[in-house]
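Chain and residue survey
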Amino acid sequence: MEEMFHKKSEAVRRLVEAAEEAHLKHEFDADLQYEYFNAVLINERDKDGNFLELGKEFILAPNDHFNNLPVNISLSDVQVPTNMYNKDPAIVNGVYWSESLNKVFVDNFDRDPSLIWQYFGSAKGFFRQYPGIKWEPDENGVIAFDCRNRKWYIQAATSPKDVVILVDVSGSMKGLRLTIAKQTVSSILDTLGDDDFFNIIAYNEELHYVEPCLNGTLVQADRTNKEHFREHLDKLFAKGIGMLDIALNEAFSILSDFNHTGQGSICSQAIMLITDGAVDTYDTIFAKYNWPDRKVRIFTYLIGREAAFADNLKWMACANKGFFTQISTLADVQENVMEYLHVLSRPKVIDQEHDVVWTEAYIDSTLTDDQGPVLMTTVAMPVFSKQNETRSKGILLGVVGTDVPVKELLKTIPKYKLGIHGYAFAITNNGYILTHPELRLLYEEGKKRRKPNYSSVDLSEVEWEDRDDVLRNAMVNRKTGKFSMEVKKTVDKGFRCGALQRSWEIFLPRECNHRRRPA
């Protein structure tokens, strides 16, 4: 299994080296004209029978390795989110220099024919995928996919973080402003992964925790918690006067107390402030809690078109190593929220920390077996700018990755060495299963097919004998070596119960990042 981890990691590392080298040699040209293969427009013609712009002929052929989908194993193509202009200079330049990845994609596939999808998700928003495949919009003509919202991108691009989101619900936020604020919070939640912890506080004259049961603490940003908080966002309404000083004091107290407990990410900390204005700079609060070390970054989002209080919000962000942005319409939300990821990635970029990350198991709807969509995990690594004028600023170019079917992990297990009652399994740093013989897929009620929004299964749900999570905690805390525990086992078809000593041996693959490696 370790050898397989190594092969996949090396494939991704080759992509990183090629991407950074290509960007180093490229000089940005605002007037660059470049016809690339747009994944949505390829092979599309106008009413006169001519190929559309960015939709040149792109040869596709069914391939059994890719579930007989029509693909091009010689070239990659590029998907651009619907809300972005596909000929924006930043997009065109990025697509141009990343074209050099085609050779590495093909070379990786030749070296390791078990590879599935390989891709580069750009910080600018475009997504280069190999092998090339045509993307179909939904019934509304929209492709909502944005690679920067995917777990593999978020985990590779940033360090784990503790986040408190402050939302202004004073009377001036009524109407469209509150709608934009709620959408901004939802978009921030999209950028949080299982390594992150968060809470949301609405404020006017008083503090209103979006989930009152979680007063004064942070929770893990897993799918269930994020959806729960989203449901409570609809209950927010605007009234009264905004007392930002109370909210800032509470946010700093939560982050400080949570950090001292040793829980959470034990890494980056941030306060996200969403408001239509601030009447003060609140420097006394920052002096009390955050200066001179400035360990907590402040990100400010000014809602609305008015710029009367912009200077105060800009000062707050700049004085606390954060970022300021103004969001005037719902269409502005996605791109403006993404800006904070660039700031949080800067320490990794400056230190050139090319950490390899592995995601938990998830359902891939594009590939199927005889039981439906297959379980997949992703190995990813960040790509940094090495140009001299940008290196000191810490510019993240994007993230490269490749998908690994869980069944490929199972093939690496030497069952003949484990014995008749032995088995092997792997988990992520959060305790989620990559592979386990007792992993049971979730089915839709009344249907014999897997749930499309398959949630990852925790080790404690299958190793039920580990009632006190002794084994799980040892693995999550990266303790290696042999480990034994007395368990009770039923025999004679459940008629008798006996105690026996069960042993496990834990190891950490050498190819994986110390914070996110599987065990």
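Going by an unreviewed UniProt entry, the protein carries the name VWFA domain-containing protein and comes from Colobus angolensis palliatus. Taken from UniProt, the Sequence similarities (unreviewed entry) comment for the protein reads in full: "Belongs to the calcium channel subunit alpha-2/delta family." According to UniProt, the comment filed for the protein under the heading Subcellular location (unreviewed entry) is "Membrane".

Okay, the overall build of the protein next. Per the secondary structure count, the protein includes 14 helices and 21 strands. A compact globule built from 519 residues should have a C-alpha radius of gyration of about 24 Å, and the protein, at 25 Å, falls within 12% of that. Expressed as lengths along the three principal axes of its C-alpha atoms, the size of the protein is roughly 75 × 65 × 50 Å. A total of 519 residues make up the protein; the buried ones form 53% of that total. Of all intrachain contacts in the protein linking residues separated by at least 6 positions in sequence, the fraction that spans at least 24 positions is 70%. Surface summary for the protein: the accessible area is close to 24,400 Å², and the carbon and sulfur share equals 49%. Averaging the coordinates of the 62 positive side-chain charges in the protein and doing the same for the 75 negative ones gives two points 4 Å apart.

So, on to the UniProt feature "domain: VWFA" (unreviewed entry) in the protein. Mapped onto the present numbering, the UniProt feature "domain: VWFA" (unreviewed entry) falls at residues 162–344. As a span, residues 162–344 carries 39% helix and 22% strand, and end to end its C-alpha atoms are 12 Å apart.

Where nonpolar side chains cluster on the molecular surface, the patch consists of I241, M243 and I246 and spans about 240 Å² of accessible area. By the secondary structure assignment, M243 is in the loop between α6 (223–233) and α7 (244–260). With a relative accessible area of 31%, M243 lands in the partly exposed category.

This part takes up the domain arrangement of the protein. Looking at the protein, the domain boundaries give domain 1 (1–147 + 354–405), domain 2 (158–338) and domain 3 (413–512). Taking only C-alpha atoms, the centre of domain 2 and the centre of domain 3 are 38 Å apart.

Okay, the pairing of strand β5 (residues 127–130) next. Burial along β5 is two-sided: F127 and Q129 facing one way and R128 and Y130 facing the other are all buried. The sheet contact formed by strand β3 (residues 77–79) and β5 spans 3 bridges and is antiparallel. Within β5, the position partnered with Q79 by the bridge is F127. Across 4 bridges, the pairing between strand β4 (residues 118–122) and β5 is antiparallel. Paired with G121 across the bridge in β5 is F127.

Definitions and cut-offs
Residues numbered from 1 in each chain as written. Predicted model: local features only at pLDDT ≥ 70, side-chain atom pairs only at ≥ 80, totals over all residues. Heavy atoms only, no water. UniProt positions renumbered as here; feature names shortened; annotations may be inferred. Helix = DSSP H or I, 4+ residues; strand = E, 2+ residues; numbered from the N terminus. Rg over C-alpha atoms; globule rule 2.2 N^0.38 Å. Buried < 20%, exposed > 50% of the residue type's maximum accessible area, 1.4 Å probe, protein only. Contact = heavy atoms within 4.5 Å. Areas by Shrake-Rupley, 256 points an atom, 1.4 Å probe, with all protein chains shown as cover. Lys, Arg positive; Asp, Glu negative; His and termini not counted. Charge placed at Lys NZ, Arg CZ, Asp CG, Glu CD. Patch = residues over 30% accessible without salt bridge, like charges linked within 9 Å, V, L, I, M, F, W, Y side chains within 5 Å. Salt bridge = Lys/Arg side-chain N within 4 Å of Asp/Glu carboxyl O. Domains from an automatic or database assignment. Pairing = 2+ DSSP bridges.

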